[in-house]
Amino acid sequence: GMLYGGMSQEQQFLRVISCAPRPVDAGRCNDRLFINGAGIGFEGAVAHSLAGRRKLPGKTSFLLAVLRRILFYRSRYYQIRTPEESWEGRLLMISVGNGQRAGGGFRVTPAAQIDDGLLDMICVDPLMPLSRIRYLPVIEKGRHLGLPFVHALRTTELWIRSDGPIPVHLDGELYSSRELHLEILPGRFQFLY
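In what follows, the accompanying structure is described. (Residues numbered from 1 in each chain as written. Predicted model: local features only at pLDDT ≥ 70, side-chain atom pairs only at ≥ 80, totals over all residues. Heavy atoms only, no water.)

This brings us to the pattern of salt bridges. Taken as a whole and judged by the stated rule, the model has 5 salt bridges. D31 is paired through a salt bridge with R32; the nearest N and O atoms lie 3.9 Å apart. Owing to a relative accessible area of 38%, R32 belongs among the partly exposed residues under this scheme. Its salt-bridge partner being R161, residue E179 comes within 3.4 Å of it at the nearest N-O pair. Of this pair, E179 sits in strand β10 (residues 173–191) while R161 sits in strand β9 (residues 157–170), and the two are 18 residues apart along the sequence. Of the residues examined, E179 reaches a relative accessible area of 45% and is grouped as partly exposed. (Salt bridge = Lys/Arg side-chain N within 4 Å of Asp/Glu carboxyl O. Buried < 20%, exposed > 50% of the residue type's maximum accessible area, 1.4 Å probe, protein only. Helix = DSSP H or I, 4+ residues; strand = E, 2+ residues; numbered from the N terminus.)

On to the side chain of S162, then. Counting through the fold element by element, S162 comes out in strand β9. With a relative accessible area of 13%, S162 lands in the buried category. A polar atom in the side chain of S162 sits 2.9 Å from the backbone oxygen of Y77. Ignoring anything within four residues of it in the chain, the contact list for S162 reads R76, Y77, Y78 and R178. (Polar contact = N/O pair within 3.5 Å; in protein donor to acceptor, adjacent residues only side chain to side chain. Contact = heavy atoms within 4.5 Å.)

Grouped together as the largest cluster of nonpolar side chains are 44 residues, with contacts concentrated most on I40, Y78, I94, V96, I160, L180 and L182. Excluding anything up to four places from it in sequence, I160 contacts I40, Y78, Q79, I80, I94, I166, R178, E179, L180 and L182. (Core = buried A, V, L, I, M, F, W, Y, C linked by side-chain atoms within 4.5 Å.)

This brings us to a nonpolar patch on the surface. A cluster of nonpolar residues, L71, F72, L130 and I133, forms a patch on the protein surface that exposes about 460 Å² of accessible area. Breaking the nonpolar patch down by element, the ones donating at least two residues are α3 (60–72) and α4 (129–140). As for its position among the elements, F72 is in helix α3. Overall, the relative accessible area of 67% leaves F72 in the exposed class. (Patch = residues over 30% accessible without salt bridge, like charges linked within 9 Å, V, L, I, M, F, W, Y side chains within 5 Å. Areas by Shrake-Rupley, 256 points an atom, 1.4 Å probe, with all protein chains shown as cover.)

Throughout the structure, instances matching the rule amount to 2 cavities of 30 Å³ or more. Empty space within the largest cavity amounts to approximately 240 Å³. Along its surface, the largest cavity is lined by 20 residues, and F42, M93, F106, L136 and I139 are the ones closest to its centre. Listing elements by their share of the lining of the largest cavity, those giving two or more residues are α2 (42–50), α3 and α4. When its residues are assigned to classes, the lining of the largest cavity shows 17 nonpolar, 1 polar and 2 charged. Size it by volume and the second largest cavity reaches roughly 50 Å³. Elements supplying a minimum of two residues to the lining of the second largest cavity: β3 (37–41) and β6 (93–97). Per element, the largest residue contribution to the lining of the second largest cavity is 3 residues, and it comes from β6. Broken down by class, the residue content of the lining of the second largest cavity amounts to 4 nonpolar, 8 polar and 2 charged. (1 Å grid on protein atoms, 1.4 Å probe; cavity = no way out; pocket = protein on both sides within 12 Å on 5 of 7 lines; lining within 4 Å. Points joined across faces, edges and corners; volume = space filled by probe spheres on them. Nonpolar A, V, L, I, M, F, W, Y, C, P; charged D, E, K, R; others polar.)

The values are spatial; any link to function lies outside them.
Spelled out as structure tokens, the structure:
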């Protein structure tokens, strides 16, 4: 989905055999690489809750994990710094995207581009469980950027700290650390797309 959008498998095959390689950015979180994105806080907790469970078809497993977490997840206190600004406070989630989609197709960072040399970061303020449920479909469609509790920025590098281990997923791979240093690696890989 990140490279080929809504193309069929046949269209993807024809594209791959007829195009030249193009550079794609990568991200790095501490010492780990990712291509699509990093989900921190709520999104990371959802990914951790899926670990070791048998997956159901399509988005089913992901949505069930989201619904379980949506009622009980507690917002956390973070300190965040970029080359442009610094701030701290409680947040429900932080999503850092190189690509637009995460978690079974949710357009969490809908303005991200995989070759612009930037990471797109979305921070969501604490929300009550009913509001979380109300806005889940809005986030899935990528229509959340104008909401007053959603903060978006683009940067090349950021540092995130918390008072305990932060649950993270990096392209679905689980990770945890008290301090996260994320940066963009422009043109790190070559892909056919």
